[in-house]
Amino acid sequence: MLDSTPLSSHIRPMVHADLEQVLIWRNHVNVRRYMYTQHEIKLNEHKSWFECAITDSKKHLLIFEENRQPMGYVNFNEAEKGGIMNWGFYVAPNAPKGSGRKLGCAALNHAFIKLKFHKVCGQTLYYNQRSIVLHQKLGFQQEGLLRNQHFDGNSYHNVIFFGLLSHEWKPSL
């Protein structure tokens, strides 16, 4: 939920001023290795993506802040009409332990309470155990496993699909 108190976790829209920080996070080896596209993104590519994404009403680009400090990135993309959204996220590589859960709670509160989404869907590569555990702790249900679905240039990897319905979300997490 958007929150005006100075000492809190909250979500806000991503703006142009966030571009370089988000790019640094995204290109960090500890973030990049869990992405479908693992190449190092250049600033021009990042700016082009952002300019296109901010004009798309089906996309929500968000920044997670803790005590007014940017600590992560979240996006929601409309997968189907009726408020069915895919999400992606990452915390800053230097974020304190527990930031992922705080990001997830703030983002899902924003998604289900403010934006009135019906369902949030997530995908994670099978070797991203931290993301798998986080999805489970947030209440997501595993809805599928696609075997050898992603090729990273060297190996094939399974992809796990998760889903969380609005009535399953417990905002007190």
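Up top is the structure these notes are about.
So, a few notes on the structure that sits alongside this text.

Basis of the calculations
- Residues numbered from 1 in each chain as written.
- Predicted model: local features only at pLDDT ≥ 70, side-chain atom pairs only at ≥ 80, totals over all residues.
- Heavy atoms only, no water.
- 1 Å grid on protein atoms, 1.4 Å probe; cavity = no way out; pocket = protein on both sides within 12 Å on 5 of 7 lines; lining within 4 Å.
- Points joined across faces, edges and corners; volume = space filled by probe spheres on them.
- Nonpolar A, V, L, I, M, F, W, Y, C, P; charged D, E, K, R; others polar.
- Phe/Tyr/Trp six-rings, centres within 6.5 Å; stacked < 30°, edge-to-face > 60°.
- Helix = DSSP H or I, 4+ residues; strand = E, 2+ residues; numbered from the N terminus.
- Buried < 20%, exposed > 50% of the residue type's maximum accessible area, 1.4 Å probe, protein only.
- Core = buried A, V, L, I, M, F, W, Y, C linked by side-chain atoms within 4.5 Å.
- Contact = heavy atoms within 4.5 Å.
- Pairing = 2+ DSSP bridges.
- Axes fitted to C-alpha atoms, helices over the stretch in contact; angles between N-to-C directions.

## Here's the deal with the layout of surface pockets
Its volume calculated, the largest pocket comes out at about 1,600 Å³. Lining the largest pocket are 48 residues, with Val-31, Met-35, Gly-88, Phe-89 and Tyr-90 positioned closest to its centre. Its residues assigned to classes, the lining of the largest pocket comprises 23 nonpolar, 17 polar and eight charged.

## Quick notes on the packing of aromatic side chains
As enumerated under the stated definition, the model contains ten aromatic pairs in all. Consider the rings of Trp-49 and Tyr-73, whose centres lie 6.2 Å apart with planes at 70°: the pair is edge-to-face. Taken together, the residues Trp-49 in helix α3 (residues 43–53) and Tyr-73 in strand β3 (residues 69–80) connect sequence positions 24 residues apart. You can call Trp-49 partly exposed: its relative accessible area is 33%. Pairing Phe-151 with Tyr-156 gives two aromatic rings, centres 4.6 Å apart and planes at 40°, and the pair type is tilted.

## Observations concerning the nonpolar core
One broad trend across soluble globular proteins is that nonpolar side chains are buried collectively. Phe-76, Trp-87, Leu-108 and Val-120 are the most contacted members of the largest nonpolar core, which totals 39 residues. Contributing elements (two or more residues each) for this core: α1 (19–27), α3, β2 (59–66), β3, β4 (84–91), α4 (99–114), α5 (129–137) and β7 (156–165). The element best represented in this core is α4, accounting for seven residues. Not counting the four nearest positions on each side in its chain, Leu-108 is found in contact with Trp-87, Ile-113, Val-120, Leu-138, Phe-140, Leu-164 and Trp-169.

## Comments concerning the environment of Val-22
Relative to the assigned elements, Val-22 resides in helix α1. Under the relative-accessibility criterion, Val-22 is labelled buried at 1%. For the pair Val-22 and Tyr-90, spaced 68 residues apart in the sequence, the C-alpha separation amounts to 9.6 Å. Among all residues touching Val-22, those that are not within four sequence positions of it are Met-14, His-46, Ile-63, Tyr-73 and Tyr-90.

## Considering the pairing of β3
The sheet contact formed by β2 and β3 spans eight bridges and is antiparallel. Paired with Glu-66 across the strands is Gln-69, a residue of β3. The turn joining β2 and β3, which pair antiparallel and follow one another in sequence, is formed by two residues; a positive phi near 55° is taken by Asn-67. Joining the antiparallel neighbours β3 and β4 is a turn of three residues, in which Gly-82 adopts a positive phi near 95°.

## Here's the deal with the sheet that holds β4
Taken together, the seven strands give an open sheet; going across it, the order is β1-β2-β3-β4-β5-β7-β6, and neighbouring strands pair in mixed fashion. For this open sheet the edge positions go to β1 (9–13) and β6 (141–151), each flanked by a neighbour on one side alone. If you compare each strand with its neighbour and ignore which way they point, the axes differ by 30° on average. Bridge count between β1 and β2: five bridges; the pairing is antiparallel. From the neighbouring strand, Pro-13 faces β2, where its bridge partner is Leu-62. In the packing of α4 onto the sheet, contacts are made with β1, β2, β3, β4, β5 (119–125) and β7, and the angle to β4 comes to roughly 155°.

Nothing here speaks to function; it is geometry throughout.
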